[in-house]
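Listed here are the chains, written in short residue letters.
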Amino acid sequence: MAVSILRDQDPRFRLLGWRVGLTALLLLGILLVLAGFLGERSGLFRDKTRIQLLAENGTGLAPGLQVRLSGFRIGVVDDVQLNNEARVDVTLLIETRYMKWVKDDALAILQQDGLVGDHFIEIAGGSPAAKQLQEDGTLTFVPAMGLSDIAQDLRNRTLPLLDEMRNTMQYINDPQGDVRKTVANVQNMTAELRQTREQLSQLLLNLSNLSDGELRQTLQHTDALLQRTDQIAAELQQQLPGMLADTASGLASFKQTAADASATMALLRQTGEQAAPQIPGMVRNADELLYDAGATLNGLQQSWPLKSLLPPEPVVSFVPESRP
Amino acid sequence: MKRVRSLLCLLLIPVLLAACSSTPPPVTPALRQELAQHMLAARAAERQGRWLSAIAKWQSAQQTAQLLDDWAAQGTARLSQAQLQMRIEGYAAAAKLLVELQPNTLYPEEQQAMAALLRARLSLLGAGGDAALELARAEAYCRSHACSWQAAITNLHARLHLRAAEPVQALALAQDLAAHAELAPAERSHALRTAAEALLLLGRLAEARSSLLAALAIDRELAEPRWLQDDYRLLIRIAEAEGDTALATEARLRLGSLCAALPGAACAGS
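Worth saying up front: this structure is predicted, and the values here are computed from it rather than measured.

A. Quick look at the overall build of chain A. For chain A, the helix and strand inventory stands at six helices and seven strands. The helix and strand sequence of chain A, counted from the amino end, reads α-β-β-β-β-β-β-β-α-α-α-α-α. Looking at chain A alone, contacts between residues at least 24 apart form 67% of all its contacts between residues at least 6 apart.

Below is the structure:
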């Protein structure tokens, strides 16, 4: 046993207690400085203002979530509690120096970084003229919209449009409908006119070969034919405006449907743009989702070892070619 | 010594921890990142031969560059789109894109010169305009600046001589150009092809054939179907002039196969 043969008088044991204590103190000091440094950087010692939110449910809400304003971290979620009305009380701690931008008509929107990122609360929509929110004031909370909600919303908007288009197509294709009937009527009348014209031509050709009696009889026949032609022409004249009106009404219906589609798309876009502060970033539009996915993919592509497997990025400068 | 090392380690730990919590580098603005992404995606699509996708990407890049008031990037996008439009025989669209670059001094001078070169190309393709004048504009820039695309100007000069039925001058320019080993393969093959056409006009058929076969070898390497079509049409003319029916038949078969896969103006009458 090596320890048993060491004596207390060994010079290496001199002031051993002091030395151990000093080292421990030094380490403690370093740890405190570090903790202070990191705490300062993360805003731990900065003055905070407590504000409240009232949420219908606590999905996605948890203590420690970041609170952002214009993309900057300005605070954290301090507490999430179920209240007596089975709703959720959320307490936020906002750095007081940022409170000047948190107006009492601002919205607290639950958002998510991309598809798979962390949730955070974005404070947005406060009007410059509104008053600054006071300590323990309550902000209006806008919950995150799930993918199923977006799908439902889109479905609600697009289904009436599709129904209208289907009805229009049915109306056009219906054999008993106005459009098909109109076309059939025009075809029949045109055929009758052609037949009558042929009969008249035939009669005129045979006129020279007829006797007086036959001529009279034939002229009477011709007169009847002409009357019939007049009748058809009159009928056409009478019905054409209606037919044209029917066709125009079909076209108008089509135009209306197209306008509806355009209006719906405009409405969707407008909703996305105007209500942007009220809808989580993830659902503003599909472009953003794709953009996020693209950004994630780019990030992956930039990281090792994928980066080494991918071909080098092309040079962006332009070089003109001479060959046609 | 051991103590000093321990002390150093102790001091190093907080330094390392502080370094880890240092401020991240400044973030590039979102629109700038978007522009860079559009440009890279467009070039990648070009490289992969997806011309229509490349044009769409360049359009997005142009729009983003407009938002950034970045005229150089707009110029790059316009020039690239024009060159791609020419590849898919969209000559009217190419001309429209290039017209925008002509009088606008906000675009860099080099890009205006490049636009002049492309307009000369369009003119040679029969889209109107004065090819010689446009080439002179491009050349004026390259005379006063270092120009990496001088070869393209020389090639187009040679083509202009061919069009003016001056095969001797065309041959001199093209052969001089083709002799440069460091030349970009596309320009080298173009020079060899122009030399072959000039030699055909001069009746030096064996040399014409040899020059064209060298151009064909490069174009196969470059995998450019339209240039291969152009080469085979000339090869048919050379083979017919030589009376080599076997070669003419083979060239026709190859051209027919190319045209079946990629129809266009180059295949008309083939």
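B. Expanded view of the overall build of chain B. Tallying secondary structure elements over chain B gives 13 helices and zero strands in all. Shown N-terminal to C-terminal, the secondary structure of chain B runs as helices and strands in the order α-α-α-α-α-α-α-α-α-α-α-α-α. In chain B, which comprises 270 residues, the share counted as buried stands at 40%. Here the analysis covers contacts within chain B between residues at least 6 apart in sequence; of these, 49% occur between residues at least 24 apart.

C. Highlighting helix 11 (residues 205-222) of chain B. All names here are of chain B. The terminal C-alpha atoms of helix 11 lie 25 Å apart, and with 18 residues this matches the ideal 26 Å at 1.5 Å per residue to within 8%. Residues of helix 11 that are buried include every one of A208, R209, S211, L212, A215, L216 and D219, and no others. Seen end-on, helix 11 carries its buried residues on one side only, within an arc spanning 165°. The exposed residues of helix 11 that point more than 90 degrees off its buried face are A206 and E221.

D. Fine view of the sheet that holds strand 5 (residues 107-112) of chain A. Residue and element names in this part refer to chain A. Within the closed barrel, the seven strands sit side by side as 1-4-3-2-6-5-7. Their pairing is mixed. When strand polarity is set aside, the average angle formed by the axes of neighbouring strands in this sheet is 35°. Two strands pair when backbone bridges link them, and strand 2 (residues 66-69) and strand 6 (residues 119-124) are joined in this way by four bridges, in the parallel orientation. Bridge assignment links V67 to a residue of strand 6, and that residue is I121.

E. Representation of the interface of chain A and chain B. Facing 16 residues of chain A, the contacting portion of chain B comprises 28 residues. A breakdown of the residues in the side of chain A that touches chain B according to their chemical character gives 11 nonpolar, one polar and four charged.

F. A look at the pairing of strand 7 (residues 138-142) of chain A. Residue and element names in this part refer to chain A. Summarising the sheet, strand 1 (residues 48-55) and strand 7 pair through two bridges and their orientation is parallel. The residue bridging L53 from the neighbouring strand is L139, located in strand 7. Where strand 5 lies against strand 7, three bridges are found, and the strand directions are parallel. In the strand pairing of strand 7, A108 is matched with F141.

G. Quick peek at the pairing of strand 3 (residues 72-82) of chain A. Residue and element names in this part refer to chain A. With four bridges joining them, strand 2 and strand 3 adopt antiparallel strand pairing. In the sheet register, R68 faces strand 3, and the bridge partner there is R73. The loop that links strand 2 with its antiparallel partner strand 3 comprises two residues; one of these, S70, has a positive phi angle of about 50°. Taken together, strand 3 and the strand that follows it, strand 4 (residues 88-95), pair antiparallel across an intervening segment of five residues, in which A86 is found at a positive phi of about 60°.

H. Fine view of helix 6 (residues 109-124) of chain B. Here helix 6 of chain B spans 23 Å end to end across 16 residues, near enough to the 22 Å set by a 1.5 Å rise per residue. Extensive coverage of helix 6 of chain B is indicated by the burial of 13 of its 16 residues.

I. Looking closely at the nonpolar core. Judged by nonpolar contacts, the single largest core of 52 residues is most densely connected at L117, L118, A174, A195, A196 and L212 of chain B. Counting residues per element, this core draws most heavily on helix 6 of chain B, at eight residues. Each of domain 1 (51-147) and domain 2 (153-262) of chain B gives at least three residues to this core. Those residues within four positions of A196 of chain B in sequence are excluded, and the remaining contacts are A208, S211, L212, A215 and L234 of chain B. Judged by nonpolar contacts, the second largest core, of 23 residues, contains L53, L65, V67 and F120 of chain A.

J. Main features of the packing of helix 8 (residues 150-163) of chain B against helix 9 (residues 167-178) of chain B. Residues and elements named next belong to chain B. Interaxial distance between helix 8 and helix 9 falls to 7 Å at its minimum, and their mutual angle equals 160°. Classified by the interaxial angle, the pair formed by helix 8 and helix 9 is roughly antiparallel. The crossing of helix 8 and helix 9 is left-handed. For the pair formed by helix 8 and helix 9, the contact residues are A151, T154, N155, H157, A158, H161 and L162 on the first element and P167, Q169, A170, L173, A174 and L177 on the second. Looking at the contact of helix 8 with helix 9 residue by residue, the classes come out as eight nonpolar, five polar and no charged.

K. Region of interest: the confidence of the model for chain B. All names here are of chain B. Of the residues in chain B, 91% reach a pLDDT of 70 or more, and the chain-wide mean stands at 88. Per-element confidence in chain B is highest for helix 10 (residues 185-202), whose mean pLDDT is 95, and lowest for helix 1 (residues 2-20), whose mean pLDDT is 67. If you check the scores for this complex, the pTM reads 0.48 and the ipTM reads 0.74.

L. Representation of the environment of D105 of chain A within the structure. Residues and elements named next belong to chain A. Counting through the fold element by element, D105 comes out in the loop between strand 4 and strand 5. For D105, a count of 13 C-beta atoms within 10 Å translates into the label partly exposed. Spatially, the C-alpha atoms of D105 and A129 are 9.9 Å apart, while their sequence positions differ by 24 residues. Beyond its immediate sequence surroundings of up to four residues, D105 is in contact with G126, S127 and A130.

M. Up close: the packing of helix 12 (residues 225-242) of chain B against helix 13 (residues 245-261) of chain B. Residue and element names in this part refer to chain B. Two elements in contact, helix 12 and helix 13, have axes separated by 9 Å at closest approach and are oriented at 155°. Here helix 12 is positioned roughly antiparallel relative to helix 13, judged by the angle of their axes. Crossing handedness for the pair helix 12 and helix 13: left-handed. Side by side, helix 12 and helix 13 meet where P225, L228, Q229, Y232, R233, L235, I236, A239 and E240 of the first sit next to L247, A248, A251, R252, R254, L255, L258 and C259 of the second. Looking at side-chain class alone, the contact of helix 12 with helix 13 contains 12 nonpolar, one polar and four charged residues.

N. Structural view of unusual backbone geometry. Its identity as a non-glycine residue notwithstanding, E89 of chain B has a phi of 65°, on the positive side. Turning to its location among the elements, E89 of chain B is positioned in the loop between helix 4 (71-87) and helix 5 (91-101).

O. Expanded view of the environment of R119 of chain B. Residues and elements named next belong to chain B. The topology assignment puts R119 in helix 6. Exposure remark for R119: the 27 C-beta atoms within 10 Å place this residue in the buried category. Sequence-wise, R119 and A138 are 19 residues apart; in three dimensions their C-alpha atoms are separated by 9.9 Å.

What counts and what doesn't
- Residues numbered from 1 in each chain as written.
- Chains lettered and ligands numbered in written order.
- Predicted model: local features only at pLDDT ≥ 70, side-chain atom pairs only at ≥ 80, totals over all residues.
- Helix = DSSP H or I, 4+ residues; strand = E, 2+ residues; numbered from the N terminus.
- Contact = placed C-beta atoms within 7 Å.
- Buried ≥ 20, exposed ≤ 12 C-beta atoms within 10 Å, placed from the backbone.
- Expected span 1.5 Å × (residues − 1).
- Arc of directions from axis to C-beta.
- Pairing = 2+ DSSP bridges.
- Axes fitted to C-alpha atoms, helices over the stretch in contact; angles between N-to-C directions.
- Nonpolar A, V, L, I, M, F, W, Y, C, P; charged D, E, K, R; others polar.
- Core = buried A, V, L, I, M, F, W, Y, C linked by C-beta atoms within 7 Å.
- Domains from an automatic or database assignment.
- Parallel < 35°, antiparallel > 145°, perpendicular 65-115°, else oblique.
- Left-handed = near helix turned anticlockwise from the far one by under 90°.
- pLDDT = per-residue confidence, 0-100.

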